[in-house]
Amino acid sequence: ELSSYLAVNTTTSVIVDRSSDGEFLRIDFNLSFPALSCEFASVDVSDVLGTNRLNITKTVRKFSIDRNLVPTGSEFHAGPIPTVNKHGDDVEEYHGDGSVALSSRNFDSYSHLYPVLVVNFYAPWCYWSNRLKPSWEKAAQIIRERYDPEMDGRILLGKVDCTEEVELCKRHHIQGYPSIRIFHKGSDMKENQGHHDHDSYYGERDTESLVAAMETYVANIPKEAHVLALEDKSNRTVDPAKRPAPMTGGCRIEGFVRVKK
């Protein structure tokens, strides 16, 4: 994937410049990506002189589409993503695992068993994943003590090693580490203005902030929800091989950029 990302394909064509915009050239475009969420789509411009403009938004519009390129809602407007200042606790040493190790074999059963399953998708080689690990495990332990998985069971914190569970992380469209996703009754999809997004956690990553966030997820869930899930467990089987991947939808990007001739 890295090799494909770094590969550059150049297409050259000669056209007659009929623009009247002085020393600038306007480039119009309309591109559709059937499997790229508008949440992650951006337009950058660079030239041979080394000038780079990243994530141009002023003259670019994005629309959510389905896999058949049919619009699914109004224009996409991304909400503000807060800047993370705390990527973990100041004291990084913590011994013990409070979160549950998830794999392709048990992920679906866990995600349907608990009304809220919060998962840390990580990579052992990633610096930020290692920064998060101590606070994540401590937060998971605190939540486990407050909301016992057997007696209460409204929430559970898990983790997935994406170097071991490659297909599972692909299935959930993990594009960076660590990624914290919130699954409500087996799904991490939320609908907003006619398009779907993954329900992701973008807040601070120290123990106190993580625990506070988990408390908000549990606040409106009755304690009986876990009991109902347990009763339904015996009558329902989940076949991971037949479960479709999340429908992230795609994105149509249209607009223009002005570049020097």
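Structure: above.
On a predicted model such as this, the values are computed, not experimentally measured, just so you know.

Asks: Report on the nonpolar core, specifying residues and quantitative values.
Replies: The nonpolar side chains of a soluble globular protein tend to be buried with one another. Counting residues in each nonpolar core, the largest one holds 19 residues, and the members touching the most others are V118, I155 and L157. When contributions to this core are tallied by element, the ones reaching two or more residues are β7 (116-122), α3 (127-146), β8 (155-161), β9 (179-184) and α5 (207-218). Apart from the residues within four sequence positions on either side, V118 is in contact with W136, I155, L156, L157, G158, I180, R181, I182, M214 and Y217. Core analysis: the next-biggest nonpolar cluster, separate from the first, contains 15 residues, V100, C162, I174 and F183 among them.

Asks: Before we move on, can you summarise a nonpolar patch on the surface with the specific residues and values?
Replies: On the surface, a nonpolar cluster with roughly 410 Å² of combined accessible area is contributed by L2, Y5 and L6. Following the sequence through the fold, L6 ends up in helix α1 (residues 2-6). Residue class for L6 comes out exposed when judged on its relative accessible area of 56%.

Asks: I'd like a rundown of the packing of aromatic side chains, residues and numbers included.
Replies: Scanning the entire structure with this criterion turns up five aromatic pairs. Look at F107 and F183: their rings are 5.2 Å apart centre to centre, the planes differ by 80°, and that puts the pair in the edge-to-face class. One end of the pair, F107, is in helix α2 (residues 107-113); the other, F183, is in strand β9, with 76 residues separating them in the sequence. In this structure, F107 and F183 share a single accessibility class: buried. When the centroid spacing of 5.7 Å and the interplanar angle of 85° are considered together, the rings of W125 and Y177 count as edge-to-face. In this pair, W125 sits in the loop between β7 and α3 while Y177 sits in the loop between α4 (166-171) and β9, placing the two residues 52 residues apart along the sequence.

Asks: Tell me about the sheet that holds strand β4 (residues 60-65), residues and numbers included.
Replies: Reading across from one edge, β1-β12-β4-β5 is the order of the four strands in this open sheet, with antiparallel pairing throughout. Every interior strand has two partners, whereas the edge strands, β1 (24-33) and β5 (71-75), have only one. The sheet shows a mean angle of 20° between the axes of neighbouring strands, taken without regard to direction. Of the strand pairs in this sheet, β4 and strand β12 (residues 250-260) are connected by six bridges, and their pairing is antiparallel. Counted as the bridge partner of F63 is R252 from β12.

Asks: Can you lay out the sheet that holds β7 for me, pointing to particular residues and giving the numbers?
Replies: Taking strand neighbours across the sheet as the criterion, the four strands line up as β6-β8-β7-β9 in an open arrangement whose pairing is mixed. Of all the strands in the sheet, just β6 (100-101) and β9 have a single pairing partner and so form its edges. The sheet contact formed by β6 and β8 spans two bridges and is parallel. Counted as the bridge partner of A101 is K159 from β8. Lying on the sheet, α3 is in contact with β6, β7, β8 and β9; it crosses β8 at an angle near 155°.

Asks: Talk me through the pattern of salt bridges; I want residue IDs and the actual numbers.
Replies: All chains considered together, the criterion is met by five salt bridges. Ionic pairing is found between R171 and D108, a salt bridge with its closest N-O pair at 3.0 Å. With R171 in helix α4 and D108 in helix α2, the pair connects residues that are 63 residues apart, well separated along the chain. The class for D108 is buried, based on a relative accessible area of 2%.

Asks: Describe the packing of α3 against α5, naming the residues involved and giving the relevant values.
Replies: The geometry of α3 relative to α5 is characterised by a closest axis approach of 8 Å and an angle of 40° between their N-to-C directions. It follows from the interaxial angle that α3 and α5 lie oblique. In this structure, α3 crosses over α5, and the sense of that crossing is right-handed. Where α3 abuts α5, its residues L132, S135, W136, K138, A139, I142, I143 and R146 lie against T207, L210, V211, M214 and E215. Looking at the contact of α3 with α5 residue by residue, the classes come out as eight nonpolar, two polar and three charged.

Scoring rules and cut-offs
- Residues numbered from 1 in each chain as written.
- Predicted model: local features only at pLDDT ≥ 70, side-chain atom pairs only at ≥ 80, totals over all residues.
- Heavy atoms only, no water.
- Core = buried A, V, L, I, M, F, W, Y, C linked by side-chain atoms within 4.5 Å.
- Buried < 20%, exposed > 50% of the residue type's maximum accessible area, 1.4 Å probe, protein only.
- Helix = DSSP H or I, 4+ residues; strand = E, 2+ residues; numbered from the N terminus.
- Contact = heavy atoms within 4.5 Å.
- Patch = residues over 30% accessible without salt bridge, like charges linked within 9 Å, V, L, I, M, F, W, Y side chains within 5 Å.
- Areas by Shrake-Rupley, 256 points an atom, 1.4 Å probe, with all protein chains shown as cover.
- Salt bridge = Lys/Arg side-chain N within 4 Å of Asp/Glu carboxyl O.
- Phe/Tyr/Trp six-rings, centres within 6.5 Å; stacked < 30°, edge-to-face > 60°.
- Pairing = 2+ DSSP bridges.
- Axes fitted to C-alpha atoms, helices over the stretch in contact; angles between N-to-C directions.
- Parallel < 35°, antiparallel > 145°, perpendicular 65-115°, else oblique.
- Left-handed = near helix turned anticlockwise from the far one by under 90°.
- Nonpolar A, V, L, I, M, F, W, Y, C, P; charged D, E, K, R; others polar.

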